[in-house]
Amino acid sequence: MEFRRWIIDGEILDPERGFEPRALRVEVREDPLTGHTARLLSAAGLLPPQDPDELRALGERTRAGCPFCPERAEAATPKLPAEIAPEGRIRRGEALLFPNLLPYARFSSVSLYSPERHVLALDELTPRLVADNLAAQVAWARACVEADPSAGWVSINANHMLPSGSSIFHPHLQGAVNPVPTTMQRLLAQVPAGRFRDYLAHERAEGVRYLGGRARVEWLASFAPLGPCELRAFVPGVASPASLDEETVEELGAGVATAAGLYAELGYGSFNLALYGAPPGTDGYPLNLRMICRSSLTPFYRSDATCLERLHWEAAIDTSPEELARAAGDRFTKPG
Ligand SMILES: [Zn+2]
């Protein structure tokens, strides 16, 4: 398998050096799975760190009217039909799942890590909180697919904090169960099974971006990221979140919490996550997970999604995948 990359050179006349010529370069990389390309820029401080005080201040300002806080969650959030959950909502540990008022799919859900936790910084996302929230999503997805087997495309997603697209401050996951895939689900499901195996084998052998894992989930820093600090995980032998067993959910939860902790350590406060399922039983498709950092929450922040990300479908980022992997070290392989 070839990991294709191109170094592209340019030149400017530099105003800081009396308009002397200065060489500039950008690297373009191609993702070995889907073929999408990414632009790696020189470090330019495009993603300033999160000010924790700013995060907590907005948390306090939004607490009073929050529909997900315990005083209002019971009355303000919708219930699931009896065919999905006889109790109307799904609970696992502190997690609470209910349907999304704004549907994005045949079945759409919102699941709180905890009604009690209106402010949940990335370093507070513990393996327990994440695994319980994932388990609620898995139970819900399984019930949805059983209720409507034509809706086989399951994804579990996160917009964590407002810069990542969440409309409500209170941290949560979102689930989607749909008869048709999203564009990325379709592209990933079209990748031949052997290509996933080759990709992981290559990264394992090169050892630069490979982060390891425990028994069931393998993590790595993306070669051609879709966004800043992209981490990818693969669950061989499982095609859909609806097919995840308890042990794998625990391991995924620990991995996501580890990733969130790494992001917090790097200074970031907002991320997106997607766990892309193919229909249950799809032969050879390994469940794929992606996480990327987003801009920090601060007044007049710069969005990290520019014309390149939104309209060219190509990320331009100044965080190096290899430096991300170095920062991660061996934390993904440590037992929980
Ligand atoms: Zn709240």
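Residues numbered from 1 in each chain as written. Predicted model: local features only at pLDDT ≥ 70, side-chain atom pairs only at ≥ 80, totals over all residues.

**Brief notes about the overall build of the protein**
Put simply, the rule is: Runs of H or I in DSSP of at least four residues are treated as helices and runs of E of at least two as strands, each being numbered from the N terminus. The size measure is the radius of gyration over C-alpha atoms, and the globule rule it meets is 2.2 Å times the number of residues to the 0.38 power. Throughout, a pair of residues is in contact if the C-beta atoms placed from their backbones lie within 7 Å.
Regarding its fold elements, the protein presents eight helices and 14 strands. In terms of overall size, the protein behaves like a compact globule, its C-alpha atoms giving a radius of gyration of 20 Å where 336 residues would be expected to give roughly 20 Å. Restricting to contacts in the protein with at least 6 residues of sequence separation, those with at least 24 account for 70%.

**Topic: the sheet that holds strand 14 (residues 316-317)**
The condition that has to hold: Two strands pair if DSSP finds at least two bridges between them.
Pairing is mixed in the open sheet, where four strands are placed in the order 1-2-3-14. Two strands bound the open sheet, and with one partner strand each, they are strand 1 (5-14) and strand 14. Bridge count for strand 2 (residues 20-30) against strand 3 (residues 37-40) is four bridges, and the pairing is antiparallel. Within strand 3, the position partnered with V28 by the bridge is R39.

**With respect to the nonpolar core**
Under the convention used in this document: Core membership is restricted to buried Ala, Val, Leu, Ile, Met, Phe, Trp, Tyr and Cys residues, and these are joined into a nonpolar core through C-beta atoms within 7 Å. Any residue whose C-beta has 12 or fewer other C-beta atoms within 10 Å is treated as exposed, any with 20 or more as buried, and any in between as partly exposed, C-beta atoms being built from the backbone. An automatic or database domain assignment is the source of the domain bounds shown.
Core analysis: the largest hydrophobic core is formed by 87 residues, its most contacted members being L134, A141, V177, A260, Y263 and F271. Looking at this core, the element that brings in the most residues is helix 3 (residues 127-147), giving eleven residues. For this core, the domains that each give at least three residues are domain 1 (5-40) and domain 2 (52-333). Discounting residues that sit within four places of it in the chain, A260 has contacts with L122, L125 and F271.

**Considering the domain arrangement of the protein**
Which entries qualify depends on this criterion: For this classification, Asp, Glu, Lys and Arg are treated as charged, while Ala, Val, Leu, Ile, Met, Phe, Trp, Tyr, Cys and Pro are nonpolar and the rest, including Gly, are polar.
For the protein, the domain assignment lists domain 1 (5-40) and domain 2 (52-333). Here domain 1 and domain 2 have C-alpha centroids that lie 31 Å from each other. Taken together, the contact between domain 1 and domain 2 spans eleven residues of the former and 16 residues of the latter. When contributions to the side of domain 1 that touches domain 2 are tallied by element, the ones reaching two or more residues are strand 2 and strand 3. A class-by-class count of the residues in the side of domain 1 that touches domain 2 yields four nonpolar, three polar and four charged.

**Re the environment of S108**
Tracing the chain through its elements places S108 in strand 6 (residues 107-112). Through-space distance from the C-alpha of S108 to that of I156 is 9.9 Å; in sequence the pair is 48 residues apart. Contact partners of S108, with chain neighbours within four places excluded, come to P99, N100, P103, G175 and A176.

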